[in-house]
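Chain residues, written in single-letter form:
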Amino acid sequence: MLSVTGEIPLCNSPLHHRFLCPNFPIFPFSSLSKPLHISSIHTLGSSEIQPKRKSLPPCNAYEADQSDGGGVVEKVEAARKAKIGFYFATWWFLNVIFNIYNKKVLNAFPFPWLTSTLSLAAGSLIMLISWATKVAEAPKTDLDFWKSLFPVALAHTIGHVAATVSMSKVAVSFTHIIKSGEPAFSVLVSRFILGETFPMPVYLSLIPIIGGCGLAALTELNFNMIGFMGAMISNLAFVFRNIFSKRGMKGKSVSGMNYYACLSLLSLLILTPFAIAVEGPQIWAVGWQNAITEIGPHFIWWVAAQSIFYHLYNQVSYMSLDEISPLTFSIGNTMKRISVIVSSIIIFRTPVQPVNALGAAIAVFGTFLYSQAKQ
């Protein structure tokens, strides 16, 4: 700092220096007697600082780092796509196996309420053992979590039982053709109950869905009203389950796998007393004995398989929901129905008229259009 006279104010002591000249370096007292030579103010500080800056090595590694980072991102994205593909393939495979064994059990043991209860019980037992043995980390839940889960579990229970009742009365393919109309229920519930609006292509996509399902129902050779209504009730229940699931999972730290495990436990508690009241242990005992007599010990394996595969395919679907968008999940669900319909027709040799097959194809195609329209 220069004084009015153009001279540099000197500090007489280090203490004065600290308070009066904080930006001026401290020199020994012996150096104060030496003359000071200062260059022009325009070049003050530039003669030493600028050469030091020029001596710094140039940073030329940005392009290489960026390319390396891009390669890492591509690898991570490729691994994520492979993981989702594995989830989808596993989901579809497990669902097909479940539907096959579920239909076999219901043909020999026509008690859908107990069958549904055993499915939930098997999944609950699997997860309790996994948590106890530390194979899977137990979720950290509180009372608020279970309160928010209750409507999801109630809707899940109704949808599960209704679908099982449907498959006990009609062919697996027919149940899934009717269940492909779930997007129509989703739009109607969202529009008239939740007040949501959709673009026109979404509403137009409902025409082939409803028309295809109606055509398939009218031309079904083994049509049954209970089976038809069971599939329709299942559609409505699962729409509410999805709505409640989105609200319940929002802001929660519970993973998809543990979320479905908790859902199974609560659904089991809800369903068990109703299953006992509707069917009852005495009827179950007689039906079980008849099935063992007719099928043999293989029937026990059928029951175990349908129960275990039901839990596994639902668990994988909730795990995949953690990784993908609802749109991708909806498309995957559509493709799952196609695989179930085709495989069940082949395995059970279900007679299908050309008009019935056309109705199924139109309904499934409409579901695909719905998924695209919502994008």
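About the thresholds
- Residues numbered from 1 in each chain as written.
- Predicted model: local features only at pLDDT ≥ 70, side-chain atom pairs only at ≥ 80, totals over all residues.
- Heavy atoms only, no water.
- UniProt positions renumbered as here; feature names shortened; annotations may be inferred.
- Helix = DSSP H or I, 4+ residues; strand = E, 2+ residues; numbered from the N terminus.
- Buried < 20%, exposed > 50% of the residue type's maximum accessible area, 1.4 Å probe, protein only.
- Contact = heavy atoms within 4.5 Å.
- Areas by Shrake-Rupley, 256 points an atom, 1.4 Å probe, with all protein chains shown as cover.
- Phe/Tyr/Trp six-rings, centres within 6.5 Å; stacked < 30°, edge-to-face > 60°.
- pLDDT = per-residue confidence, 0-100.
- Polar contact = N/O pair within 3.5 Å; in protein donor to acceptor, adjacent residues only side chain to side chain.
- Salt bridge = Lys/Arg side-chain N within 4 Å of Asp/Glu carboxyl O.
- Patch = residues over 30% accessible without salt bridge, like charges linked within 9 Å, V, L, I, M, F, W, Y side chains within 5 Å.
- Core = buried A, V, L, I, M, F, W, Y, C linked by side-chain atoms within 4.5 Å.

Labelled according to an unreviewed UniProt entry, the protein appears under the name Sugar phosphate transporter domain-containing protein, originating from Lactuca virosa. Per UniProt, the comment on the protein under Subcellular location (unreviewed entry) is "Plastid, Chloroplast membrane".

What follows concerns the overall build of the protein. A count of helical and extended segments in the protein gives 14 helices and zero strands. Each helix (α) and strand (β) of the protein, taken in turn from the N terminus, gives the series α-α-α-α-α-α-α-α-α-α-α-α-α-α. Classification of the 375 residues of the protein by burial places 43% in the buried group. A separation threshold of at least 6 residues defines the contact pool for the protein, and within that pool the share at least 24 residues apart is 84%. Roughly 21,300 Å² of accessible area belongs to the protein as shown, and the carbon and sulfur atoms make up 68% of that amount.

Below, the discussion takes up the packing of aromatic side chains. For the structure shown, the criterion picks out 16 aromatic pairs. Where phenylalanine 109 meets phenylalanine 299, the ring centres are 6.0 Å apart and the plane angle is 55 degrees; that geometry is what we call tilted. With phenylalanine 109 in the loop between helix 3 (62-108) and helix 4 (112-132) and phenylalanine 299 in helix 12 (residues 298-321), the pair connects residues that are 190 residues apart, well separated along the chain. Exposure class is identical for phenylalanine 109 and phenylalanine 299. Each is buried. Residues tyrosine 310 and tyrosine 313 carry aromatic rings whose centres are separated by 5.8 Å and whose planes lie at 85 degrees to one another, so their mutual orientation is edge-to-face. A residue pair is termed a helical-turn pair when its members lie 3 or 4 positions apart in one helix, as tyrosine 310 and tyrosine 313 do in helix 12 at three residues. Here tyrosine 313 falls in the buried class, since its relative accessible area comes to 12%. Linked through ring pairs, Phe109, Phe111, Trp288 and Phe299 together constitute an aromatic cluster.

A few words now on the UniProt feature "transmembrane region" (unreviewed entry) in the protein. In the numbering used here, UniProt assigns the "transmembrane region" (unreviewed entry) feature to residues 84-101, 113-132, 225-244, 256-278 and 354-371. This span, residues 113-132, is 100% helix and 0% strand, and a straight line between its end C-alpha atoms measures 29 Å. Secondary structure content for residues 256-278 is 100% helix and 0% strand, while the C-alpha to C-alpha distance between its ends is 32 Å.

All right, on to the confidence of the model for the protein then. Averaged over every residue, the pLDDT of the protein is 80; residues scoring 70 or more account for 77%. Helix 1 (residues 14-20) is the least confidently modelled element of the protein, averaging 45 in pLDDT, while helix 4 averages 95, the highest of any element. Note on residues 1-22: pLDDT is under 50 here. Beyond four places in sequence and across chains, it has 21 contacts. Contacts from residues 36-54, a stretch scored under 50 in pLDDT, to residues over four places away or in other chains number five contacts.

This part is about the side chain of serine 317. By the secondary structure assignment, serine 317 is in helix 12. Only 2.6 Å separates the side chain of serine 317 from the backbone oxygen of asparagine 314, close enough to count as a polar contact.

We now examine the environment of alanine 304. Looking at where alanine 304 falls in the secondary structure, it is placed in helix 12. Residues alanine 304 and valine 105 lie 199 residues apart in sequence; the distance between their C-alpha atoms is 9.8 Å.

The next subject is the pattern of salt bridges. With the rule as written, the count across this model stands at one salt bridge. Linking glutamate 182 and arginine 337 is a salt bridge whose minimum nitrogen-to-oxygen distance equals 3.6 Å. Within this pair, whereas glutamate 182 is found in helix 7 (residues 182-192), its partner arginine 337 is found in helix 13 (residues 326-348), the two being separated by 155 residues in sequence. On the basis of relative accessibility, which here comes to 13%, the residue glutamate 182 falls in the buried class.

Phi is positive for lysine 134, close to 65 degrees, though the residue is something other than glycine. The backbone of arginine 349 shows a phi angle near 55 degrees, a positive value even though the residue is not glycine. Here arginine 349 lies in the loop between helix 13 and helix 14 (354-373). Of the residues examined, arginine 349 reaches a relative accessible area of 73% and is grouped as exposed.

Our next topic: a nonpolar patch on the surface. On the surface, Phe150, Leu154, Ile158, Phe223, Met225, Met229 and Ile233 cluster together into a nonpolar patch covering about 620 Å² of accessible area. Elements with a minimum of two residues in the nonpolar patch: helix 5 (143-169) and helix 9 (225-249). Position of phenylalanine 223 among the secondary structure elements: in the loop between helix 8 (200-218) and helix 9. For phenylalanine 223, a relative accessible area of 36% puts it in the partly exposed group.

Here serine 116 lies in helix 4. Looking at serine 116, the relative accessible area reads 0%, which means it is buried. For serine 116 and leucine 271, which are 155 residues apart along the polypeptide, the C-alpha to C-alpha distance reads 8.4 Å.

Quick look at the nonpolar core now. If you look at the biggest cluster of nonpolar residues, it comprises 46 residues, and the most contacted ones within it are Phe109, Trp131, Leu149, Tyr259, Leu263 and Phe299. Once residues within four sequence positions are removed from consideration, tryptophan 131 is found in contact with Ala136, Glu137, Ala138, Pro139, Asn258, Ala261, Cys262 and Leu265.

Tracing the backbone through its elements, the reader meets serine 168 in helix 5. Of the residues examined, serine 168 reaches a relative accessible area of 18% and is grouped as buried.

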